[in-house]
Amino acid sequence: MLSKIARNSPIFNLPTRGQNLEFEMNHLMTRCKNLEEHYDHLEQYTRRTNIRIFGIPENIRENTDDLVKTFYKDHLNIELKNGDISRSHRLGKHKLYNRSHPRPIIVRLVQYNKKVKILKQRRLLRSKRLPYSMQEDLTEKRRSIVRYLRDEDVRDVISKVWTIDGVIFFRPSSDPTIVERCNTLGECQQLVAKYCDN
């Protein structure tokens, strides 16, 4: 009789309840991680027609659409029409006329194909050694991965980093024929560690 009562007591069932709670917590953590990755993917998709331009000097009463059109025409030989730009503006807080570090301009184009065409032409900026650069508009999570891959600590291991449609690629210094792709910071760190060991 006593053993029957002991089996039904809450204290007797604590290990089982603890295991169930641990299993449920692990399940919820996995689900949360999957939702975060899905959210990041959706956020990146909304940025698929955006480009960030760095180095264009700021003016007090500027029209960023006109600045962008002039920039593309003068430096990339691409002529944009009025309907090609959905929206453009400077990023970050306005500082009192900072000439040495102008804020980047983000441009949302109407057509994805126009973005691809423009980004293909950015090699002209490098070949002419102009003080401008352009890149895809990445989510904060993806920007942190690119920052990690371009950091001084891993610079000897990686020869090149680039993105296509928000997907991050890199080429290890040890073998320029290999191209690695990573989606998370943890995955990236594991891949870099693999090349550090070689």
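For the structure itself, consult the block above.
Residues numbered from 1 in each chain as written. Predicted model: local features only at pLDDT ≥ 70, side-chain atom pairs only at ≥ 80, totals over all residues. Heavy atoms only, no water.

Attention now goes to the nonpolar core. Of all hydrophobic cores here, the largest spans 18 residues; its most connected members are Ile-53, Tyr-72, Leu-76, Ile-118 and Met-134. For this core, the secondary structure elements donating two or more residues are strand 1 (50-54), helix 3 (64-76), strand 3 (105-109), helix 4 (112-120) and helix 5 (123-127). Take this core: its biggest share by element is four residues, from helix 3. Listed in part, the 15 residues of the second largest apolar core include Val-146, Val-161, Cys-182 and Leu-191. (Core = buried A, V, L, I, M, F, W, Y, C linked by side-chain atoms within 4.5 Å. Buried < 20%, exposed > 50% of the residue type's maximum accessible area, 1.4 Å probe, protein only. Helix = DSSP H or I, 4+ residues; strand = E, 2+ residues; numbered from the N terminus.)

Turning our attention to the sheet that holds strand 5 (residues 158-164). Read across the sheet, three strands follow the order 5-6-7 without closing on themselves; strand pairing throughout is antiparallel. If you trace the sheet from one side to the other, it starts and ends with strand 5 and strand 7 (180-182), each paired once. When strand polarity is set aside, the average angle formed by the axes of neighbouring strands in this sheet is 25 degrees. With six bridges joining them, strand 5 and strand 6 (residues 167-172) adopt antiparallel strand pairing. Paired with Trp-162 across the two strands is Phe-169, which belongs to strand 6. Sitting on the sheet, helix 6 (residues 140-149) is in contact with strand 5, strand 6 and strand 7, with an inclination near 10 degrees to strand 6. This element, helix 7 (residues 185-197), spans strand 5, strand 6 and strand 7 of the sheet and lies at about 150 degrees to strand 7. (Pairing = 2+ DSSP bridges. Axes fitted to C-alpha atoms, helices over the stretch in contact; angles between N-to-C directions. Contact = heavy atoms within 4.5 Å.)

Here we take up the packing of aromatic side chains. Here the structure, examined in full by the defined rule, presents four aromatic pairs. Geometrically, the ring pair formed by Phe-71 and Tyr-132 is edge-to-face, given 5.1 Å between the ring centres and 80 degrees between the ring planes. You can see Phe-71 sitting in helix 3 and its partner Tyr-132 sitting in the loop between helix 5 and strand 4 (133-136), a full 61 residues away along the chain. Arranged with centres 5.9 Å apart and planes meeting at 15 degrees, the rings of Trp-162 and Phe-169 form a pair that is stacked. Here Trp-162 matches Phe-169 in class, with each residue buried. Members of the aromatic cluster, connected to one another through ring pairs, are Phe-71, Tyr-72 and Tyr-132. The ring of Tyr-112 has Arg-48 lying over it, and the distance from NZ or CZ to the ring centre is 4.1 Å. We note Lys-160 situated over the ring of Trp-162; from NZ or CZ to the ring centre the distance is 5.3 Å. (Phe/Tyr/Trp six-rings, centres within 6.5 Å; stacked < 30°, edge-to-face > 60°. Lys NZ or Arg CZ within 6 Å of the ring centre and 35° of its normal.)

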